[in-house]
Amino acid sequence: RNLAVQLYRASDVTARRPKVQALRELLLELIPSVEMVACAERFEGRREQSIDPVVVLGVDDMATRTSLSQRLARRPELALLIDLRLGGSVMQCLCVRGRCDMPWYRGTLHLDSEAWGGACGESPAAHLGAGAAAFVAGAIMAHLRGTDFPRRIAADFDSGAFVVEPREAAGS
């Protein structure tokens, strides 16, 4: 669902390739040196579902984000949670460093009824997907290098507005 706003290629759709496989191939084009495993199963963050240190959320509603973040907060192997949010011409990339950032992240969650109600594809979206992919790749590369990366980047691709929320000092 929502393929028009997620940078999936026509060949991915016509081949009925799972979104997770298409995303893996796109990310490997951007960061070929990274090993990635794509699992085409509904991820619910349950203990019996294995995770890697980096988890990228690409979900369609806040209720799913809330549920997943509650489960992932209890997973000691989680080092970085990347949450992509797209709405209209706006893209947000939130980078949550394990348990220490979870209180901040919980403050970014809201009810689905409070979310923007525009239709997917209402605004040209290829640039949103490209921006989102670039920010995910940047966050993963920074994590792998051990360098800092902002915890929130927001961009409005219609107005050109761009906001970066730097990571605060440890313990804040």
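Above this note sits the structure.
So, here is what we can say about the structure in this document. Predicted, not measured: the structure shown is a model, and the values here were computed from it. (Residues numbered from 1 in each chain as written. Predicted model: local features only at pLDDT ≥ 70, side-chain atom pairs only at ≥ 80, totals over all residues. Heavy atoms only, no water.)

**A short note on a positive patch on the surface**
Part 1: Together, R47, R71, R74 and R99 make up a region of like positive charge exposed at the surface.
Part 2: Topologically, R71 is positioned in helix α3 (residues 62-72). (Patch = residues over 30% accessible without salt bridge, like charges linked within 9 Å, V, L, I, M, F, W, Y side chains within 5 Å. Areas by Shrake-Rupley, 256 points an atom, 1.4 Å probe, with all protein chains shown as cover. Salt bridge = Lys/Arg side-chain N within 4 Å of Asp/Glu carboxyl O. Lys, Arg positive; Asp, Glu negative; His and termini not counted. Charge placed at Lys NZ, Arg CZ, Asp CG, Glu CD. Helix = DSSP H or I, 4+ residues; strand = E, 2+ residues; numbered from the N terminus.)

**A closer look at the sheet that holds strand β1 (residues 54-57)**
Part 1: The mixed open sheet is built from five strands, whose spatial order is β1-β2-β3-β4-β5. Here the strands that pair on one side only, and so sit at the sheet edges, are β1 and β5 (162-165). Neighbour-to-neighbour, the strand axes of the sheet open up by a mean angle of 10°, direction not taken into account.
Part 2: Relative to strand β2 (residues 80-87), β1 runs parallel, the two sharing four bridges. Within β2, the position partnered with L57 by the bridge is D83. (Pairing = 2+ DSSP bridges. Axes fitted to C-alpha atoms, helices over the stretch in contact; angles between N-to-C directions.)

**So, the side chain of Q92**
Part 1: Secondary-structure assignment places Q92 in strand β3 (residues 90-96).
Part 2: Ignoring anything within four residues of it in the chain, the contact list for Q92 reads D83, L84, R85, R152, I153 and A154. (Contact = heavy atoms within 4.5 Å.)

**So, empty space enclosed by the protein**
Part 1: By the definition in use, this model includes one cavity of 30 Å³ or more.
Part 2: What lines the largest cavity is simply L80, C95, R97, A139, A142, H143, F149 and R167.
Part 3: Ranked by residue count, the leading element in the lining of the largest cavity is helix α5 (residues 126-145), at three residues.
Part 4: A per-class count over the lining of the largest cavity returns five nonpolar, one polar and two charged. (1 Å grid on protein atoms, 1.4 Å probe; cavity = no way out; pocket = protein on both sides within 12 Å on 5 of 7 lines; lining within 4 Å. Points joined across faces, edges and corners; volume = space filled by probe spheres on them. Nonpolar A, V, L, I, M, F, W, Y, C, P; charged D, E, K, R; others polar.)

**Some remarks on unusual backbone geometry**
Part 1: Of note in the backbone geometry, R16 takes a positive phi value of approximately 55° without being a glycine.
Part 2: Relative to the elements of secondary structure, R16 occurs in the loop between α1 (10-14) and α2 (19-30).
Part 3: Of the residues examined, R16 reaches a relative accessible area of 75% and is grouped as exposed. (Buried < 20%, exposed > 50% of the residue type's maximum accessible area, 1.4 Å probe, protein only.)

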